[in-house]
Amino acid sequence: MSKPLDMQESLNAVIAELNAFEQHYGLKTIEFFARFKAGLVGDSRDFLKRIGAFDDCRYLIDQSFNLWDETA
């Protein structure tokens, strides 16, 4: 049986992944995302993986706020 998803654990993992990309490329995630959306960076596998991690991060934050609203 699989363990239920821990929102905070998942968010921490995604943030760690984004931090690793920032260290590797020397570019903050938000700046990379803006450049990507403007078509100023390529679409290498690494870059697409970074965009996926950024989308995951936004989703998890959104879900966390939705859960918080439900309990308030």
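Everything numeric in this text was worked out from a predicted model, so none of it was measured. (Residues numbered from 1 in each chain as written. Predicted model: local features only at pLDDT ≥ 70, side-chain atom pairs only at ≥ 80, totals over all residues. Heavy atoms only, no water.)

Here we look at the side chain of E22
And step 1. Here E22 lies in helix α1 (residues 7-25).
And step 2. Relative accessible area serves as the criterion here: at 18%, E22 is assigned to the buried category.
And step 3. Only 2.7 Å separates the side chain of E22 from the side chain of T29, close enough to count as a polar contact.
And step 4. Residue contacts for E22: discarding those within four places in its chain leaves L27, K28, T29 and R50. (Helix = DSSP H or I, 4+ residues; strand = E, 2+ residues; numbered from the N terminus. Buried < 20%, exposed > 50% of the residue type's maximum accessible area, 1.4 Å probe, protein only. Polar contact = N/O pair within 3.5 Å; in protein donor to acceptor, adjacent residues only side chain to side chain. Contact = heavy atoms within 4.5 Å.)

Here's the deal with the nonpolar core
The nonpolar side chains of a soluble globular protein tend to be buried with one another.
And step 1. With 12 residues, the main nonpolar core is built from L11, V14, L18, L27, F32, F33, F47, I51, A53, F54, C57 and L60.
And step 2. Sorting the residues of this core by element identifies α1, α2 (29-37) and α3 (45-71) as the ones contributing at least two each.
And step 3. Among the elements that take part in this core, α3 stands out by supplying six residues, more than any other.
And step 4. Beyond its immediate sequence surroundings of up to four residues, I51 is in contact with F32, F33 and F36. (Core = buried A, V, L, I, M, F, W, Y, C linked by side-chain atoms within 4.5 Å.)

Looking at the packing of aromatic side chains
And step 1. Under the definition given, this model contains five aromatic pairs.
And step 2. Centre to centre, the rings of F33 and F54 are 4.4 Å apart; their planes meet at 40°, and the pair counts as tilted. With F33 in helix α2 and F54 in helix α3, this pair connects stretches of sequence that are 21 residues apart.
And step 3. Residue F33 is classed as buried on the basis of its relative accessible area, which comes to 13%. (Phe/Tyr/Trp six-rings, centres within 6.5 Å; stacked < 30°, edge-to-face > 60°.)

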